[in-house]
Structure formats: structure tokens, C-alpha cells
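# Observations on the model geometry
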Amino acid sequence: KMSITNYWFQLIWLLTVGMVLAISLPKKQEIVMGRIEERWQIAPAVLLVVPYILAATLRSDNFGDTYAYRSVFREAPSKIAALPLYLEGIKKDKGFSVLIVIIKALIGNSPILFFMFIATVQMLCMAFIYRKYSENYWMSIFVFVAGTDYMSWCHNGIRQFLAIAIIMAGFPLLLKRKYIPLIAIILLGATFHASALLMIPIIFIVQGKAWNKKSVLCILGCILILIFVNQFTDGMNNILSNTQYSNMVADWKEWEDNGTNPIRVFVYSIPMILSIIGRKQIKEADNPVINIVTNFSILTSVIAMVSMKTSGIFIGRLISYGSMYSASILLPWEIENIFTRNSTIIIKSATVLGYIGFFYYQMHFTWGLI
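First, a word on scope: everything that follows refers to the structure included in this document. (Residues numbered from 1 in each chain as written. Predicted model: local features only at pLDDT ≥ 70, side-chain atom pairs only at ≥ 80, totals over all residues. Heavy atoms only, no water.)

This part covers the packing of aromatic side chains. Tallying each qualifying case throughout the model produces 23 aromatic pairs. Taking the centre distance of 5.8 Å and the plane angle of 65 degrees together, the rings of Tyr69 and Phe96 count as edge-to-face. With Tyr69 in helix α3 (residues 66-75) and Phe96 in helix α5 (residues 94-107), the pair connects residues that are 27 residues apart, well separated along the chain. For Tyr69, a relative accessible area of 11% gives the class buried. (Phe/Tyr/Trp six-rings, centres within 6.5 Å; stacked < 30°, edge-to-face > 60°. Helix = DSSP H or I, 4+ residues; strand = E, 2+ residues; numbered from the N terminus. Buried < 20%, exposed > 50% of the residue type's maximum accessible area, 1.4 Å probe, protein only.)

Moving on, we come to helix α18 (residues 288-309). Look at α18: 33 Å from first C-alpha to last across 22 residues, which is about the 32 Å you get at 1.5 Å a residue. Measuring from the side-chain oxygen of the N-cap residue of α18 to the backbone nitrogen of Val289 gives 2.9 Å; that N-cap residue is Asn287. (Expected span 1.5 Å × (residues − 1). Polar contact = N/O pair within 3.5 Å; in protein donor to acceptor, adjacent residues only side chain to side chain.)

Turning our eyes to something else, we now look at the pairing of strand β1 (residues 28-32). The pairing of β1 with strand β2 (residues 35-39) spans five bridges and is antiparallel. Paired with Val32 across the two strands is Arg35, which belongs to β2. Hairpin connection, β1 to β2: the antiparallel pair is bridged by two residues, and Met33 has positive phi, about 50 degrees. (Pairing = 2+ DSSP bridges.)

As for its position among the elements, Thr191 is in helix α11 (residues 179-192). On the accessibility criterion, Thr191 (32% relative accessible area) is partly exposed. Residues Thr191 and Lys92, spaced 99 residues apart in sequence, show a C-alpha to C-alpha distance of 8.4 Å. Not counting chain neighbours up to four residues away, the residues in contact with Thr191 comprise Asp93, Lys94, Gly95 and Phe96. Only 2.6 Å separates the side chain of Thr191 from the backbone oxygen of Leu188, close enough to count as a polar contact. (Contact = heavy atoms within 4.5 Å.)

Just distances and angles here, no functional claims.
This is how it looks when you write it as C-alpha cells:
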């Protein structure tokens, strides 16, 4: 039956109601980084993501770590006064535990309302950033959903994605180089998932023109890691030995984690590949948003390639700190600006069909959900 929790509904909503909203509703003119741009109105932009908030709220326990989160929520205390004692038993990422207790104190022992709160924060952070900074808001949400990052994050790794979404809300600060408040937001995100600390060096690496020296150094670094992958994993083991991730390398070897699927790595690398084809157009546009997200696309591809040869579970989940920008902000811009008008229609159609194909591959063959 077709309901909001049916996995096919994720695409059907975008290809029906989403298309109608994209085509029929008037856009508004808005100034983005000193340029006049056409953007979606806020109400339809929010309406487009509401079903995804509801689907994540009502999801079943048979995918990812939903059951674990439901159990943690049910077992947490419901009084703020009980927090100090509760936190004594929590070994890592205590911010998320604090959030659980605060939510429980406010709304009671309802995992559904808990999931709804988390999904609302996640999807609205994305919706507001994509609405303002993407050339094609519909395509941004489509790529996020059809590329299955929506399932990976809103139905599974919600603690890490909460950190990613909060940091994403600070994207305007990154564009304006307001590093102190941005680092404060990153540190807040790191209380939910310590991996967020990686964004502190990243916010400096991605600054500047697209394909600058820092970006090229990242690619050279990636090539060295891939050549000396065993030394890299040994080094990681030593660096992480006294942290909460001390067992990481041992775990991925024990679990026979063979790295991120090469097909997925290719999908994540498409924006970077197109940025090579369209370097001239990117350089001529000299758009500060596109410069930064192009550098994010290079970083995303580098992390994805390293995760292919190391760990999909641990290294692979770092990809989304960059792919949220490269896939959903850069890719729509590239489609609209790199090609001729007639080619754009063909490329856009091919992108939609390609992502639908990848959605089916990931949901059916990899996860067995449809």
C-alpha cells in the first residue's frame, strides 16, 4: 500500500507534488552574497520536506539503529534533576544524552515525538540552507533523497546527522568568514558526535577560489593515503589510542568492513568530476558560494576514495560533512551553468534517471528494503 512510510513514496512525492510546486509556484527575488537570485518562497520550500519529517518520525525499527535510539530514549530519565547521575554512565558524546533528557522532560516518554523533533531540526536546517543557496531547490532535495543520504541519516545515524545539520545551519557564517561563532556551532555539534571536530580544519581548507592549492594538496594527500593505506591505518590506530574511538581500526577489521561501495563513491564524486569539466565556467562566475562548495566536492571525493580502501562504517560516514554541500548545492548549479541550454535539459533528465536508478540499487540490492 502507498503510505508516507512506503519507501517508494520518497520519490513519488518529489516527482508529483514536488514537480508541481517547482513548476507552478512563483519564485521570489532575493539577494544572495550580493547577487540577485530567484528562489523558492519559504512556505512551499518547507512543504516539500514535511513528508520526509513525518516518514522519519513514523519509521519502523527494521532499518539501521532506530531500535537502539528508541531504547536509549525509553531508558533515559525524564527529570532534568537526574541528569548529573545519568551522565556519569555515558562515555561519549554527552550532548546528545542531555538533549534526550531535556526532550523527555518537556514532551514525556514518546519516542515518536522524540524522532519528530530530531527529524524536524535536521530537515529544516537543510531546507533553509538549500532554499537560499541552491540554484535549484527541488534538485537539491531530490539528490539528498534519491541519493539515499536521507535514509542513511534521517532513518539511521541521527546523532551524527544532527551535528551535520546544526553545522550546516552555520553555512552563512562560513561564507562571511565569521570563524569564532562558526567554531562555537561546530563545538556544539561535536557534543552530539565527536567526528564534527573535523569540520574545524575543513572550514579553513574550503575557503578561497575553487581548485586552489589547498584543494590540490588534499588530492595529493589522498593519493598518498591510498598508496600507503596500511601505514595510514596503523597511524590512525596510534592517534586514536587514547580517545573514545580507540577501537575503531580494530572494529572495522573485525567486522570485515570492506570500505564504501565503489558505486557510491562514484555517485559522491560526480560534482567534483563536473567541476573539472566546468572549471572555466566556475572561474568566470567567481561565485563565493560555488567556490566553497566546489572545494567541498573535492574534499568529499577524497574522503570517499579513502573510505573505499579503508572503512565504510567509520571513514565513510565522514563523507556527509562535505557531500551535503557538493551534491545538493554544487551539482544543481553545474547542471544549470556548465552546459548549453539544450544540453542542460538532457543532463537534467539523465541526472534524475541516474539517481532513481541508484535509489533502486541501494534500497533493493544493498539494503533489501524494496
